[in-house]
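Coordinate inspection notes
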Amino acid sequence: MDYEQSPNRAYGAAAVGNEGRPKKAPVPVKIIVAGGFGVGKTTTVGAISEISPLTTEAEMTSASVGIDNPGQASLKTTTTIAMDFGVLTIDQTLKLYIFGTPGQSRFAFMWDDLIKGALGALVVVDTNRIDDCYPAVDYFEKAGLPFVVGVNTFNGQMQYSLDEVRWALAVREDVPVLAYDARFKASVRDALLVVLDQALDKAIRQKAT
């Protein structure tokens, strides 16, 4: 019996197309989602990831009282103690690997390892607690990593305008400040695409010099 060869039959680990050439794997891009405690980093990663996100959530106990402050209106009962991880395929040429940082200052030592190989970052801001976001902004400015400030609207409302947030955080004019909702995939995607644009701009400038 004769069998017709599939135009995209997999040989070994590579898929072969009509022209007999292995399909090129998408370029991996590492993106960081950072910010203060309880601002929506885990929600951001979970909303956009095409796989079940890896989280390292632990229950908050009485031992954290006076140390971890999720905000007066927050119903948060868990906290990230290491990182969050998710994946998003942009197209056939590009795949994002998204790492969320822990928000508590006592876990800040992990950031240096998490940002290795990253091309950009989304700094998540809660306008009810803007002060909590200063360390993340300062960190990425000193690290020289392109970043975008994303104001998480939570319930669709913001305490301050984007211009007021920019002024309060004292970020440069070339750093985008945008609003997004961490609960919704399309909103998170749009914010991450701005991060990609920033990373691309830096790469073009470096190539030109």
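Residues numbered from 1 in each chain as written. Predicted model: local features only at pLDDT ≥ 70, side-chain atom pairs only at ≥ 80, totals over all residues. Heavy atoms only, no water.

Secondary structure assignment for the protein yields 5 helices and 10 strands. Of the contacts formed within the protein by residues at least 6 apart in sequence, a portion of 69% connects residues at least 24 apart. By element, 54% of the accessible surface of the protein is carried by carbon and sulfur atoms, the whole surface being about 12100 Å². (Helix = DSSP H or I, 4+ residues; strand = E, 2+ residues; numbered from the N terminus. Contact = heavy atoms within 4.5 Å. Areas by Shrake-Rupley, 256 points an atom, 1.4 Å probe, with all protein chains shown as cover.)

Strand order in the open sheet formed by 6 strands is S6-S7-S3-S8-S9-S10, and the pairing between neighbours is mixed. If you trace the sheet from one side to the other, it starts and ends with strand S6 (84-91) and strand S10 (177-180), each paired once. The average undirected angle you get between the axes of adjacent strands in this sheet is 30°. Set on the sheet, helix H3 (residues 134-143) makes contact with strand S3 (27-35), strand S8 (118-125) and strand S9 (147-152); between it and S8 the angle comes to about 160°. (Pairing = 2+ DSSP bridges. Axes fitted to C-alpha atoms, helices over the stretch in contact; angles between N-to-C directions.)

Both S6 and strand S7 (residues 94-100) contribute to a ladder of 7 bridges, which runs antiparallel. Bridge assignment links Asp91 to a residue of S7, and that residue is Leu94. In sequence, S6 turns back onto S7 through a hairpin of 2 residues.

What helix H4 (residues 162-169) keeps buried is the set Val165, Arg166 and Leu169. In an axial view of H4, the angular spread of the buried residues amounts to 100°, which keeps them on one side of the axis. Exposed residues lying more than 90 degrees from the buried face of H4 are Asp163 and Trp167. Elements in contact with the buried residues of H4: S8, H3, S9 and S10. Among the residues trailing H4, Ala170 stands out with phi positive, at a value near 55°. (Buried < 20%, exposed > 50% of the residue type's maximum accessible area, 1.4 Å probe, protein only. Arc of directions from axis to C-beta.)

What follows is about the side chain of Thr153. If you trace the backbone, Thr153 turns up in the loop between S9 and H4. With near-sequence residues (within four places) excluded, Thr153 lies in contact with Met158, Ala179, Tyr180 and Asp181.

This brings us to the confidence of the model for the protein. On average, residues of the protein carry a pLDDT of 80, and 74% of them reach 70 or more. Here residues 6-14 is modelled with pLDDT under 50, and outside its nearest four sequence neighbours on either side it reaches 13 contacts, counting other chains as well. Confidence drops under pLDDT 50 across residues 60-68; counting only partners more than four residues distant or on other chains, this segment forms 11 contacts. (pLDDT = per-residue confidence, 0-100.)

On to the packing of aromatic side chains, then. Pairs of aromatic rings are described using the distance from one ring centre to the other and the angle between the two planes. Under the definition given, this model contains 4 aromatic pairs. Considering the side-chain rings of Tyr139 and Phe140, the 5.4 Å spacing of their centres and the 90° angle between planes classify their relative orientation as edge-to-face. Classification of Phe140 as buried rests on a relative accessible area of 1%. (Phe/Tyr/Trp six-rings, centres within 6.5 Å; stacked < 30°, edge-to-face > 60°.)

Here the phi dihedral of Ala170 falls at roughly 55°; this positive angle occurs in a residue that is not glycine. By secondary structure assignment, the location of Ala170 is in the loop between H4 and S10.

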